[in-house]
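The residues making up each chain are set out below.
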Amino acid sequence: MTALLKVDALLDDLEQGLRSVLQARQIERPVLIGIRTGGVWLADILHKRLGLDEPFGELDISFYRDDFSRIGLNPRVRPSHLPFETEDRHIVLVDDVIMSGRTIRAAMNEIFDYGRPAGVILATLIDLGSRELPIQPDVVGQRLNLKANERVKLKGPDPLSVELRNADAEPEGA
Amino acid sequence: MTTTDASARALQLNAEGQLRHFLTIDGLDRPLLTQILDTADSFIEVGERRIKKVPLLRGRTVVNLFFESSTRTRSTFELAAKRLSADVLNLDISTSATSKGESLSDTLLNLEAMASDMFVVRHSRSGAPHFIAQSVTPGVAIINAGDGRHAHPTQAMLDMLTIRQKKERFEGLKVAIVGDILHSRVARSQIRALNTLGAEEVRVIGPSTLLPRDVESLGCRVHYDMPSGLKDIDVIIMLRLQRERMEGALLPSEREFYKVYGLNTDKLAYAKPDAIVMHPGPINRGVEIESAVADGPQSVILNQVTNGIAIRMAVMSMAMSGQRAQQGLDAEVRA
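Here's a quick rundown of the structure. (Residues numbered from 1 in each chain as written. Chains lettered and ligands numbered in written order. Predicted model: local features only at pLDDT ≥ 70, side-chain atom pairs only at ≥ 80, totals over all residues. Heavy atoms only, no water.)

**Re the overall build of chain B**
Put simply, the test is: Under the scheme used here, helices are H or I runs from DSSP no shorter than 4 residues and strands are E runs no shorter than 2 residues, and both carry numbers assigned from the N terminus. Summary of the burial criterion: residues with accessible area below 20% of their type's maximum are buried, those above 50% are exposed, and those between are partly exposed, where the area comes from a 1.4 Å probe applied to protein chains only. Throughout, a contact is declared for two residues whenever any of their heavy atoms are within 4.5 Å. Residue-level accessible areas treat just the shown protein chains as cover; the underlying method is Shrake-Rupley with a 1.4 Å probe. Charged-residue counts in this description rest on Lys and Arg as positive and Asp and Glu as negative, His and the chain ends being excluded. For charged residues, the charge sits on one atom: NZ in Lys, CZ in Arg, CG in Asp, CD in Glu.
Looking only at helices and strands, chain B features 13 helices and nine strands. Dimensions of chain B along its principal axes, counting C-alpha atoms only, are 65 × 45 × 45 Å. Taking all 335 residues of chain B together, 58% fall into the buried category. Sequence separation of at least 24 residues holds for 74% of the intrachain contacts in chain B that already meet a minimum separation of 6. Of the accessible surface of chain B, which amounts to about 13800 Å², a share of 49% is contributed by carbon and sulfur atoms. For chain B, the distance from the average site of its 40 positive side-chain charges to the average site of its 39 negative ones is 3 Å.

**Let's talk about the packing of aromatic side chains**
The condition is simple: When the centres of two rings from Phe, Tyr and Trp lie within 6.5 Å, Trp using its six-membered ring, the rings pair. Their planes under 30 degrees apart give stacked, over 60 give edge-to-face, and anything left gives tilted. Charges are assigned to positions over rings by a cutoff of 6 Å between ring centre and Lys NZ or Arg CZ, combined with an angular limit of 35 degrees from the ring normal.
Summed over all chains, the structure comprises two aromatic pairs over all chains. In this structure, Arg312 of chain B packs its charged tip against the face of Phe77 of chain B, placed 4.7 Å from the ring centre.

**Focus: unusual backbone geometry**
Negative phi is the rule for most residues except glycine; trans is the rule for most peptide bonds. Residue and element names in this part refer to chain A. Note the cis peptide between Gly156 and Pro157, where omega equals 5°. Turning to its location among the elements, Pro157 is positioned in the loop between strand 6 (150-155) and strand 7 (161-166). Cis peptide bonds are those with omega within 30 degrees of zero, and the linkage from Asp158 to Pro159 qualifies with 5°. Phi at Gln26 takes a positive value of approximately 55°, unusual for a residue other than glycine. Position of Gln26 relative to the elements: it lies in the loop between helix 1 (7-24) and strand 1 (31-35). With relative accessibility at 71%, the residue Gln26 sits in the exposed group.

**Observations concerning the nonpolar core**
So the rule is basically this: Among buried residues, the Ala, Val, Leu, Ile, Met, Phe, Trp, Tyr and Cys ones that are joined through side-chain atoms within 4.5 Å form a nonpolar core. For every domain, the bounds stem from an assignment made automatically or drawn from a database.
By size, the foremost hydrophobic cluster in this structure holds 88 residues, and its most contacted members are Phe43 and Met316 of chain B. Among the elements that take part in this core, helix 13 (residues 301-334) of chain B stands out by supplying 10 residues, more than any other. Both domain 1 (3-152 + 306-334) and domain 2 (155-300) of chain B contribute no fewer than three residues apiece to this core. Every residue in contact with Phe43 of chain B, bar those within four places of it in the chain, is listed here: Phe63 of chain A together with Val54, Leu56, Leu84, Ala310, Met313, Ala314 and Ser317 of chain B. Counting 29 residues, the second largest nonpolar core, distinct from the first, contains Leu14, Val40, Val92 and Val139 of chain A.

**A closer look at the sheet that holds strand 5 (residues 174-178) of chain B**
All names here are of chain B. As a reminder, the rule being used: Two strands form a pair only when DSSP identifies at least two bridges running between them. Axis angles are defined between N-to-C directions and span 0 to 180 degrees, where every axis is a line fitted to C-alpha atoms and, for a helix, only to the segment in contact.
The strand order 7-6-5-8-9 describes an open sheet built from five strands, whose pairing is parallel. Unpaired on one side and paired on the other, strand 7 (221-223) and strand 9 (276-278) mark the two borders of the sheet. Averaged over all pairs of adjacent strands, the angle between their axes in this sheet comes to 20°, without regard to strand direction. Inspection of the sheet shows strand 5 paired to strand 6 (residues 201-205) by five bridges, in the parallel sense. Residue pairing across strands places Val175 opposite Val202, the latter belonging to strand 6. Of the strands in this sheet, strand 8 (235-238) and strand 9 are in contact with helix 6 (residues 153-167), which crosses strand 9 at around 165°.

**Some points on the environment of Ala325 of chain B**
Residue and element names in this part refer to chain B. Mapped onto the elements, Ala325 comes out in helix 13. A relative accessible area of 16% means that Ala325 is categorised as buried. With residues up to four places along the chain from it excluded, the contact list for Ala325 reads Asn14 and Gln18.

Structure representation (C-alpha cells):
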C-alpha cells in the first residue's frame, strides 16, 4: 500500500491538477458542486483556492442511489442546493473518495435533472480503484490500494484529515 | 403508551422501527415524525427543479384506492407518486368493482396479483386502511388517505410541515383548531401530531354540538368562543364545515356559524399579531373564513397545498423503504 499523504499536500495536488485540466479545456468560469458530506468540504476549499465568484453547490444523492431497494432511504437526507443554473455550464463535481463509481453515477443523474451541462469534470481527493462502472476521475489527489481490512475516511470539516483505519481493530458495529 | 398506541406502532413499523405503513399518528414517536418532516423538506426542493422527479420508486406500482371521492387528496398523492417515478393506477372503487358485488378482499387480491407495491386508501369507514394493512401480502405498503372520522395522517403532517416552516419549532407554540371537531379525522390527527411534536398548548374551538364528548382526552383544551380561544394563539387551523351538518340540525345556519366561529379580520386580531391561518381546503368563503383573511398576509393555505405533495413523497418513500428493509430481515431469518 502507498503511504497516505498529508491532507494539505493532497489538496495542493488536487488544486494543481484541476487548474491544469481547466486550462487545457479552456474553461474560464466553472461551477463547483460538492457531494455531501466530504465532497462539500473539499468544494468549499477548492472554491476559495480557485477564487471563484459564484457560490458552490451541494448535492445530496440519497434520492438517486441505486441500492434504495436494498438499504432504503438515508434518514439524514437534506435538500440539494445548487445556487446557479447548470444548463450549458462547465461543472466540476467534487467528492472525497471514489471506489465503485456508483455515487458519481447517481450524482450525474441528479445534476442532469437540473439541466444539461456543457460538461462535467470529476475531481476526487482519493481514488481507491475497485470500479464497478466505467467512470473515472479527471483529477485525483492520490491513488491508493487498500488491503481488505483497511478503510479510509475523510474527517472534517475543520481541520480536514484523512484517516486510514484497520477494520479488524475496530469494535463491532463501529 | 396505551394499548392502542402499541398496536398502531406494531402494525406501522418494521422490526427496526422504520415506517412500513402510514395509517395513523397514534403510536409514532417524535423522532419518527421529525424524520418525516425532514425528508419532506428535502422533497420540496425537488418540486422546484426543472425536472421535478427523482427515481426512488422507479418500477414500483402505486394504486390510489379511493372508496370515497376526493379530487384534491387523490391528485396530490398521484403527483407525489409520479414525482417518485412510480407507475400510478387510480381506482374509484365507489363506481367500480365493489358496486358490482365484488368483495373488498377479492378486489385487493386482484390488485396484488397485478404486482402492486403500495395502496393509498381512502374509505368512509374508520379502520378500513388498518384492516387492509393487516390482510395485505407482506411487502405491500398501505398509506391512509383518510378513513371515516378516525385519521388523516398525511394531512396532519403537511400541516405540521407548514407550521415548522413558518414558526421554526413546536416548543412554546399555542395552536387553535376551529370548527367541526366532531366529524373531523384531520383534527384528531393534528391534535396527536402537535402533542407528540411538543406544542405547548392545543385548543379546540367550536359549538358543543360539533365537539366530541371526550374531546379533552385527545390532549386539548376546549373553548366555546373565539375571543378566549384565540387569545395568545400562534397558529389558527380552520376546519371545513360540511353542509350536511346543517341538515342534521347540529347547527342553526351557516350564517349563524360564520357570525360566531367564522374567521374574519376582527376575530383574527384576538390572536398574536404574527399568527398564521391554515385551512385544509377547499374553503367555504363566508362560512368558515372571510376572503380577506383567506387571501391575506397571515394565510398559509397555499403553502399547505405545496407541502402536501412533499409530505406524501416522504411518507411513500419511507414506507417503501421500510417494507424492503423488513423483507431483507425476513430473508435473513429464513436463511
